[in-house]
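The lines below spell out each chain.
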Amino acid sequence: MVSDPSRWDEKYRAASLAPVLRVESLLQRHQRDIGELSAPRTALDIAAGTCHAAVYLAKQGLNVTAVDCSRVGLALGKELAERDGVRINTTTADLTVADLPKGPWSLICCFRYLNRDLFAQIPSMLVPGGMLFWRTFNVHHLSKAPAFNPEYVLQPGELARHFSMLDVLTLSDGDDPKENTSWIAARRSV
Ligand SMILES: C[S@@+](CC[C@H](N)C(=O)[O-])C[C@H]1O[C@@H](n2cnc3c(N)ncnc32)[C@H](O)[C@@H]1O
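Quick look at the structure, then.

Reading guide: rules and limits
- Residues numbered from 1 in each chain as written.
- Predicted model: local features only at pLDDT ≥ 70, side-chain atom pairs only at ≥ 80, totals over all residues.
- Pairing = 2+ DSSP bridges.
- Helix = DSSP H or I, 4+ residues; strand = E, 2+ residues; numbered from the N terminus.
- Axes fitted to C-alpha atoms, helices over the stretch in contact; angles between N-to-C directions.
- Contact = placed C-beta atoms within 7 Å.
- Near = placed C-beta within 6 Å.
- Nonpolar A, V, L, I, M, F, W, Y, C, P; charged D, E, K, R; others polar.
- Parallel < 35°, antiparallel > 145°, perpendicular 65-115°, else oblique.
- Left-handed = near helix turned anticlockwise from the far one by under 90°.
- Buried ≥ 20, exposed ≤ 12 C-beta atoms within 10 Å, placed from the backbone.
- Expected span 1.5 Å × (residues − 1).
- Arc of directions from axis to C-beta.

1. Things to note about the sheet that holds strand 6 (residues 167–172)
One open sheet holds the 7 strands; their spatial order is 3-2-1-4-5-7-6, and the pairing between them is mixed. Either end of the sheet is taken by a strand with one partner, and the two such strands are strand 3 (89–92) and strand 6. Sheet twist, expressed as the mean angle between neighbouring strand axes with direction ignored, is 15°. As judged from the 4 bridges shared by strand 1 (residues 42–46) and strand 4 (residues 105–111), these two strands associate in the parallel manner. Bridge assignment links Leu44 to a residue of strand 4, and that residue is Ile108. Here helix 5 (residues 71–83) sits on the sheet and contacts strand 2 (63–68) and strand 3; the angle it forms with strand 3, its principal contact strand, is near 175°.

Rendered as structure tokens:
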């Protein structure tokens, strides 16, 4: 079986630098909250790929670390950051076997990746008042993309259940069959 790093490196080798920065609507919606985050103003982008979210957060003045199993994806992310006039830190790690980079983090985000083993670690890695943003495919995606691996889709209610110890700011958790992603923005109590 092909490992995650080999599979994603191969995919990103066929990619080129994106012409424009792709901004996650969930981050944009909470831009003001992100601007008001208190020290240390560090952010972790999990399974960052080519680092669009990481670069966006660096542009908001955060000290961002992007972690991904693909060094090829992260290299494209570094180029994107340079082009957009910011710096990001990158860490190559296969998160099926490695731990998440140690915080403390003022913000943790993850887009289009699901690894349920990470969920339990996250709340305590956030500083008090720190924010979590997670958005990925849910079970409704399978009707659009039947070949998609059903292990990697969220069931209805999963995000709220996994992050019940955080204060939820925004939640769409698979109740609407028209939405093929679920998302959460939440904050650790001060
Ligand atoms: C669909 S892409 C999403 C990338 C980015 N978050 C985005 O939204 O553009 C999924 C990402 O998960 C990463 N990934 C897959 N398996 C991984 C693993 N075992 N450890 C770390 N990253 C992994 C891939 O390299 C890829 O960059």
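After that view, the rundown keeps rolling.
2. So, the site of the ligand
Taken together, 16 residues sit near the ligand, with Trp8, Ala47, Gly49, Cys69 and Leu95 positioned nearest. Class assignment of the residues belonging to the shell around the ligand gives a composition of 7 nonpolar, 5 polar and 4 charged.

3. Remarks on the packing of helix 1 (residues 4–13) against helix 5
Remark: helix 1 packs on helix 5, axes separated minimally by 7 Å, with the N-to-C direction vectors making an angle of 40°. Accordingly, the angle class assigned to the pair helix 1 and helix 5 is oblique. For the pair helix 1 and helix 5, the contacting residues are Trp8, Asp9, Tyr12 and Arg13 in the first and Arg71, Val72, Gly73 and Leu76 in the second. Class assignment of the residues belonging to the contact of helix 1 with helix 5 gives a composition of 4 nonpolar, 1 polar and 3 charged.

4. Here's the deal with the packing of helix 4 (residues 52–59) against helix 5
Packing of helix 4 against helix 5 leaves a shortest axis separation of 9 Å and a crossing angle of 30°. When the interaxial angle is binned, helix 4 and helix 5 end up roughly parallel. Handedness of the crossing formed by helix 4 with helix 5: right-handed. In contact with His52, Ala54, Val55 and Ala58 of helix 4, helix 5 contributes Gly77, Leu80 and Ala81. When grouped by side-chain class, the residues that make up the contact of helix 4 with helix 5 number 5 nonpolar, 2 polar and no charged.

5. Quick look at helix 4
Of all the 8 residues making up helix 4, 7 are buried; the element is thus mostly covered by neighbouring parts of the structure. Along helix 4, the positions that sit buried rather than exposed are His52, Ala53, Ala54, Val55, Tyr56, Leu57 and Ala58. In this fold, the buried residues of helix 4 make contact with helix 2 (25–29), strand 1, strand 2, helix 5 and strand 4. A positive backbone phi angle near 95° is found at Gly61, which sits one or two residues after helix 4.

6. Remarks on helix 5
The terminal C-alpha atoms of helix 5, which comprises 13 residues, lie 18 Å apart, in line with the 18 Å expected from a rise of 1.5 Å per residue. All buried positions along helix 5 are accounted for by Gly73, Leu74, Leu76, Gly77, Leu80 and Ala81. Buried positions in helix 5, seen along its axis, are confined to an arc of 155° and lie on one side of it. Lining the buried residues of helix 5 we find helix 1, helix 4, strand 2 and strand 3.

7. Digging into the environment of Tyr12
Positionally, Tyr12 belongs in helix 1. Separated by 75 residues in the primary sequence, Tyr12 and Arg87 have C-alpha atoms spaced 21 Å apart. Residue contacts for Tyr12: discarding those within four places in its chain leaves Thr50, Ser70, Val72, Gly73 and Leu76.

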